[in-house]
Amino acid sequence: DVKVTQSSRYLVKRTGEKVFLECVQDMDHENMFWYRQDPGLGLRLIYFSYDVKMKEKGDIPEGYSVSREKKERFSLILESASTNQTSMYLCASSFRDRGLAEAFFGQGTRLTVV
Amino acid sequence: AQSVTQLDSQVPVFEEAPVELRCNYSSSVSVYLFWYVQYPNQGLQLLLKYLSGSTLVKGINGFEAEFNKSQTSFHLRKPSVHISDTAEYFCAVKAGGSYIPTFGRGTSLIVHP
């Protein structure tokens, strides 16, 4: 079974802190994604990576950065956490086949910024 | 550009009744379509997908969906729901040539006893 593992299920951070969300997948997928999920807004793409050290901005990249130093690991960084970044964060991965492959998701990290 | 509209934010239904969750998409090129389910406090898991071929797609847990190109729809159906089907359901589209799935806003299916 494909496994996408997010390092924390729940996090509470203070405003202004630098926050790292880690995601690891074990299926040798080329593509990795970070989504943010908010009630009524569905999943919104923050960043996408199609290879090591490669990244592309999604729909809502402001206030976030990412790092992909190894194929299996994709990190989301909140440079200076703010209360409006309180949300559920979902990591996903897929093969790079331009359409056919479905995305596999981690369990999610529920981040609260106080 | 690709987009997905899930027409109902919430669908309440009684146990053992049939249900349909609606999804419409827009894309100027050929598409691949997916339905995912999210149980409380969990990530998303794939229910079914349409890539090509038969327009009726069967998935896990007794769900099925029908691809209708002329109406640009991909509605999800189940003939008899169970309490355990209570969850959030997401429709997603990938246009041919795109790496990135676009998700709808989700439909909350609430099954009452």
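Residues numbered from 1 in each chain as written. Chains lettered and ligands numbered in written order. Predicted model: local features only at pLDDT ≥ 70, side-chain atom pairs only at ≥ 80, totals over all residues. Heavy atoms only, no water.

A. The arrangement of the overall build of chain B in detail. Along chain B, the regular secondary structure elements total 0 helices and 12 strands. In chain B, the order of α-helices and β-strands from amino to carboxyl end is β-β-β-β-β-β-β-β-β-β-β-β. For chain B, the C-alpha radius of gyration of 13 Å lies close to 13 Å, the compact-globule estimate for 113 residues. The principal-axis extent of the C-alpha atoms belonging to chain B is close to 45 × 30 × 20 Å. Across chain B, every contact between residues at least 6 apart in sequence was considered, and the portion connecting residues at least 24 apart equals 58%. With the model as given, the accessible surface of chain B reaches about 5,300 Å², and the carbon-plus-sulfur share is 51%. Taken together, the 8 basic and 8 acidic charged side chains of chain B have centroids lying 12 Å from each other. (Helix = DSSP H or I, 4+ residues; strand = E, 2+ residues; numbered from the N terminus. Rg over C-alpha atoms; globule rule 2.2 N^0.38 Å. Contact = heavy atoms within 4.5 Å. Areas by Shrake-Rupley, 256 points an atom, 1.4 Å probe, with all protein chains shown as cover. Lys, Arg positive; Asp, Glu negative; His and termini not counted. Charge placed at Lys NZ, Arg CZ, Asp CG, Glu CD.)

B. A look at unusual backbone geometry. In this structure, Asp28(A) takes a positive phi of about 60° despite not being glycine. Looking at the element boundaries, Asp28(A) is found in the loop between strand E3 (19-25) and strand E4 (31-38). For Thr72(B), which is not glycine, the phi torsion reads 45° and is therefore positive. You can see Thr72(B) is positioned in the loop between strand E8 (64-68) and strand E9 (73-78).

C. Region of interest: the interface of chain B and chain A. Every contact between the two is made by 22 residues of chain B and, on the other side, 26 residues of chain A. Note on chain B versus chain A: buried area summed over both sides is about 2,100 Å², and carbon and sulfur give 55% of it. When residues of chain B are sorted by the area they lose upon contact with chain A, Asn41(B), Tyr99(B) and Arg105(B) head the list and together hold 31% of the total. Where Lys49(B) meets Glu102(A), a salt bridge forms, and the shortest distance between an N and an O atom there is 2.7 Å. Here chain B is connected to chain A by 7 residue pairs in polar contact (both at pLDDT 80 or more). Among the elements of the structure, strand E5 (31-38), strand E6 (44-50) and strand E10 (87-95) of chain B are those that each provide at least two residues to the side of chain B that touches chain A. Here the side of chain B that touches chain A gets 4 residues from one element, more than from any other, and that element is E5(B). (Buried area = accessible area lost by both parts, 1.4 Å probe. Salt bridge = Lys/Arg side-chain N within 4 Å of Asp/Glu carboxyl O. Polar contact = N/O pair within 3.5 Å; in protein donor to acceptor, adjacent residues only side chain to side chain.)

D. Highlighting empty space enclosed by the protein. Counted by the stated rule, this structure contains 1 cavity of 30 Å³ or more. Residue lining of the largest cavity: Phe33(A), Ser94(A), Ala101(A), Glu102(A), Ala103(A), Phe34(B), Tyr36(B), Lys94(B), Tyr99(B) and Pro101(B), and that is the complete set. Grouping the amino acids of the lining of the largest cavity by side-chain chemistry returns 7 nonpolar, 1 polar and 2 charged. (1 Å grid on protein atoms, 1.4 Å probe; cavity = no way out; pocket = protein on both sides within 12 Å on 5 of 7 lines; lining within 4 Å. Points joined across faces, edges and corners; volume = space filled by probe spheres on them. Nonpolar A, V, L, I, M, F, W, Y, C, P; charged D, E, K, R; others polar.)

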